[in-house]
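What follows is the residue order along each chain.
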Amino acid sequence: GESVGLHLPTLSVQEGDNSIINCAYSNSASDYFIWYKQESGKGPQFIIDIRSNMDKRQGQRVTVLLNKTVKHLSLQIAATQPGDSAVYFCAETLSGYSTLTFGKGTMLLVSP
Amino acid sequence: EPEVTQTPSHQVTQMGQEVILRCVPISNHLYFYWYRQILGQKVEFLVSFYNNEISEKSEIFDDQFSVERPDGSNFTLKIRSTKLEDSAMYFCASLGTARDEQYFGPGTRLTVT
């Protein structure tokens, strides 16, 4: 979902469910994309990345999908756990060392 | 595992005062960044720094802001005359090579009263 103003879209799931968090990015020239997890009071923490020459990349319990045609990223978390509760941001950049442009974030709430 | 550190964790200052936020990037990293996050909003880029000079800056990074790498380990952000709207979390990040992701510090919460 997309956020409006100060209110983050929220995804509420039960422990053990699979979660899908979506992000629309802005620059069709971006070639490197990252998902970050941010817990309350902490800095963004790297989860997984993908380059524009790929459309899917898998990590441990996480998968990122990239659809360049519609400038869309998604993060899939398998068997979501309460410790996954956080705000998730996608970020895009033109090259590996260039500045990151962050999306608006989605809050994931996992209940036991 | 190496990490980016930031001090202080929380800084309270009065409007018009100067503040210096400090960061120690990961030791072999070459690219350094400052971002800020106003409460409840997304993370916004401020400035990037490479080879002892600013490589890119955003519209937010006006003349009140400056960055410095005074020695081989520290990377600082100075705000000369703070405004109420400077209240935010400020994150430092560093990057080793163009093939890596940026590593973020835990942030400094700046409160301007």
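Residues numbered from 1 in each chain as written. Chains lettered and ligands numbered in written order. Predicted model: local features only at pLDDT ≥ 70, side-chain atom pairs only at ≥ 80, totals over all residues. Heavy atoms only, no water.

Trainee: Before we go on, may I ask you to explain the sheet that holds strand β2 (residues 19-24) of chain A in this structure?
Mentor: Consider a sheet: its strands pair through backbone hydrogen bonds, and that pairing is either parallel or antiparallel. Residue and element names in this part refer to chain A. With respect to topology, four strands assemble into an open sheet ordered β2-β7-β6-β5, the strand pairing being antiparallel. Edge positions in the sheet fall to β2 and β5 (56-58), since each has one partner strand and no second. Going from strand to strand, the sheet's axes swing by 15° on average, the running direction of each strand aside. For β2 and strand β7 (residues 72-77), the ladder comprises six bridges, and the chain directions are antiparallel. In the strand pairing of β7, A24 is matched with H72. (Pairing = 2+ DSSP bridges. Helix = DSSP H or I, 4+ residues; strand = E, 2+ residues; numbered from the N terminus. Axes fitted to C-alpha atoms, helices over the stretch in contact; angles between N-to-C directions.)

Trainee: Help me understand the pairing of strand β3 (residues 32-38) of chain A, please; the structure alone is not making it clear to me.
Mentor: Moving residue by residue along a regular strand, the side chains alternate between the two faces of the sheet. Residues and elements named next belong to chain A. Counting buried residues along β3, seven of its seven residues qualify, which places the element largely inside the surrounding structure. Residues Y32, I34, Y36 and Q38 point to one face of β3 and F33, W35 and K37 to the other, with burial holding for every one of them. Note that β3 and strand β4 (residues 45-51) share six bridges and pair antiparallel. Bridging across to β4, I34 finds its partner in D49. Where β3 hands over to β4, the hairpin turn is made up of six residues, of which G41 adopts a positive phi near 75°. Here seven bridges tie β3 to strand β8 (residues 86-93), and the two strands are oriented antiparallel to one another. Looking at the pairing, Y36 lines up with F89 of β8. (Buried < 20%, exposed > 50% of the residue type's maximum accessible area, 1.4 Å probe, protein only.)

Trainee: I keep staring at the state of the cysteines and nothing clicks. Help me out?
Mentor: Inspection of every chain in the model, using the stated rule, returns two disulfides over all chains. Bridging C23(A) to C90(A), the disulfide has an S-S length of 1.6 Å. On the criterion of sequence distance, the pair formed by C23(A) in strand β2 and C90(A) in strand β8 is long-range, its members being 67 residues apart. With a relative accessible area of 5%, C90(A) lands in the buried category. Bridging C23(B) to C92(B), the disulfide has an S-S length of 1.9 Å. Taking the torsion about the S-S bond as the criterion, the C23(B) to C92(B) disulfide, at about -65°, is left-handed. With C23(B) in strand β3 (residues 19-24) and C92(B) in strand β9 (residues 88-95), this pair connects stretches of sequence that are 69 residues apart. Assessed through its relative accessible area of 0%, C92(B) is described here as buried. (Disulfide = S-S within 2.5 Å.)

Trainee: What am I meant to see in the layout of surface pockets here?
Mentor: The gaps of empty space that remain are located by a probe, the size of a water molecule, rolled over the atoms. Estimated volume of the largest pocket: approximately 600 Å³. Lining the largest pocket are 27 residues, with K37(A), G43(A), P44(A), Q45(A) and F46(A) sitting closest to its centre. Secondary structure elements with two or more residues in the lining of the largest pocket: β3, β4 and β7 of chain A together with β10 (103-104) of chain B. Class assignment of the residues belonging to the lining of the largest pocket gives a composition of 13 nonpolar, six polar and eight charged. A volume near 390 Å³ is recorded for the second largest pocket. Surrounding the second largest pocket, 23 residues form its lining, Q38(A), S40(A), G41(A), V87(A) and Q37(B) being those nearest its centre. Contributions of two or more residues to the lining of the second largest pocket are made by β8 and β10 (106-111) of chain A together with β9 of chain B. Grouping the amino acids of the lining of the second largest pocket by side-chain chemistry returns eleven nonpolar, seven polar and five charged. (1 Å grid on protein atoms, 1.4 Å probe; cavity = no way out; pocket = protein on both sides within 12 Å on 5 of 7 lines; lining within 4 Å. Points joined across faces, edges and corners; volume = space filled by probe spheres on them. Nonpolar A, V, L, I, M, F, W, Y, C, P; charged D, E, K, R; others polar.)

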